[in-house]
Amino acid sequence: MLRNLLILTLCLAPITAMAQKTGIHASDARITYIGRVHRDSSSVSFDYTGTYMRVRFYGKHLSVKLSDTGTNYYNLYLDRPISAEPDCIITTTGDTTITLFSAKRAKEHTITLYKRTEGEQGRTTIHEWLVVGELLQAAPLQSRYIEFIGDSYTCGYGAENSGPTDHFSPQTETSAKTYAAILARYFNADYTLVAHSGMGIARNYNSKFAGYYMPDRYCTTYDIPPSPAYNPQFSILNPQLTIILLGGNDFSMGQQPAYADFQANYQRLLLQIKANYGDQHPIICCVKKDVPALTDYVQRVVNQCGLTDIYFCPFFPAVFGNDSRYLGADHHPNYLAHRQAAHVLIPYVATITGWPLNDSSTVR
């Protein structure tokens, strides 16, 4: 599929380049954006990892005019849902126009673009979609929708690396291969990732960015400041469930925050989520099991928060830290580890939401 798509894009582009292209504002309502985005009269901007969009058209050609403050990597899917392996990978940098599809014959197609890198790699602004043919209404949000809040694990840091001695590179970071994406695919759910590597509840990795933690970042439209405040009232996103996986960075480098600080900030995050979606909105508070003190902290927060529909789930078995088969860059979980972890979380989600388990489904 990848080879065939590249042949279509590269070899047939001159044919369609001669045809009349129709320019369509990025903010056109026929395009479905999933994730935290900022719209103006014509453009759409975003930087959180896992932001994706569906564009449906009938025609011979689709390209996108955009600008990027850095260099980001996108998975492209042609006429199929998001999966771990894309049809090809698109790189965005600077001001550019990228051909996404080109062919001799007009047909109906859906292109899905998925941002695999996180906000530190840059902010993307889509200005215009260019179609040879007709833009159609893309599929809306699926009936099931999940919000994930996390750190480098949720970003897919090192998910495509071959072992723990490798180091981070944007090319091998992909949130499409994380426990979050895998779990959402299992339940045929759309999802939002509010995630940033190194972020903690009350202490970030190696004490970086003191005074700015995930409860602060959660309130933003963009991952990287400056950012307008995120207001769910102006968004189509209304998840039925929020899953939090945080705390590992709080205990990094042999240090830890005071429990009172951790509790206060975690409580603040829980209250923000409830304010967005209602008192009955369920939240699963996950924790890596390799730090006993962290497990104790999160479990105590859940027991003491006084809120309804808050659940605790120990996550990512500690054995991953000692088995190179499950490790990507800098001892982060690789795709295999994320698949194993998703199996742990799926029954929790099914029990809490009532979404049925599918015994014949493969978790990928």
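Topic: the side chain of T221
Consideration 1: The residue T221 is located in the loop between helix 4 (214-217) and strand 10 (241-245) in this model.
Consideration 2: Overall, T221 belongs to the buried group, its relative accessible area being 5%.
Consideration 3: For T221, the side chain forms a polar contact with the main-chain oxygen of A229, separated by 3.2 Å.
Consideration 4: Not counting residues up to four positions away in its chain, the partners in contact with T221 are R36, V37, H38, Y48, S227, P228, A229 and Y230.

Here we look at the environment of Q171
Consideration 1: Positionally, Q171 belongs in the loop between helix 2 (152-155) and helix 3 (179-186).
Consideration 2: Each C-alpha atom, one on Q171 and one on E160, is 8.5 Å from the other, the two residues being eleven residues apart in sequence.

Re the pairing of strand 9 (residues 190-195)
Consideration 1: With six of its six residues buried, strand 9 lies for the most part within the structure.
Consideration 2: When strand 8 (residues 145-150) meets strand 9, the two strands line up parallel, connected through six bridges. When the bridges of strand 9 are listed, F148 appears paired with L193.

Brief notes about the pattern of salt bridges
Consideration 1: Scanning the entire structure with this criterion turns up 13 salt bridges.
Consideration 2: Here D190 ties to R54 by a salt bridge, and the two come within 3.2 Å at their closest N and O atoms. Note that D190 is positioned in strand 9 and R54 in strand 5 (residues 52-78), a separation of 136 residues in sequence. Just as D190 is buried, R54 falls in that class too.
Consideration 3: Of the charged contacts in the structure, one is a salt bridge between D223 and R217, with a shortest N-O distance of 2.8 Å. When sorted by exposure, D223 lands in the same class as R217, which is buried.
Consideration 4: One salt-bridge network, held together by shared partners, links E85, R116, E160 and K177.

Things to note about the packing of aromatic side chains
Consideration 1: On inspection of all chains with the given rule, the structure shows 14 aromatic pairs.
Consideration 2: An angle of 55° between the planes, with centres 5.5 Å apart, marks the rings of F187 and W355 as tilted. Placement of F187 in the loop between helix 3 and strand 9 and of W355 in the segment after helix 7 (335-353) is noted, with a sequence separation of 168 residues between them. Neither residue differs from the other here; F187 and W355 are each classed as buried.
Consideration 3: Three or more aromatic residues link up through ring pairs in this structure, and these residues are Y52, Y114, F148, Y179, Y191 and F315.
Consideration 4: The ring of Y335 has K177 sitting right over it, with the charged end atom 5.3 Å from the ring centre.
Consideration 5: Above the ring of Y259, the side-chain terminus of R300 is found at 3.7 Å from the ring centroid.

About the thresholds
Residues numbered from 1 in each chain as written. Predicted model: local features only at pLDDT ≥ 70, side-chain atom pairs only at ≥ 80, totals over all residues. Heavy atoms only, no water. Helix = DSSP H or I, 4+ residues; strand = E, 2+ residues; numbered from the N terminus. Buried < 20%, exposed > 50% of the residue type's maximum accessible area, 1.4 Å probe, protein only. Polar contact = N/O pair within 3.5 Å; in protein donor to acceptor, adjacent residues only side chain to side chain. Contact = heavy atoms within 4.5 Å. Pairing = 2+ DSSP bridges. Salt bridge = Lys/Arg side-chain N within 4 Å of Asp/Glu carboxyl O. Phe/Tyr/Trp six-rings, centres within 6.5 Å; stacked < 30°, edge-to-face > 60°. Lys NZ or Arg CZ within 6 Å of the ring centre and 35° of its normal.

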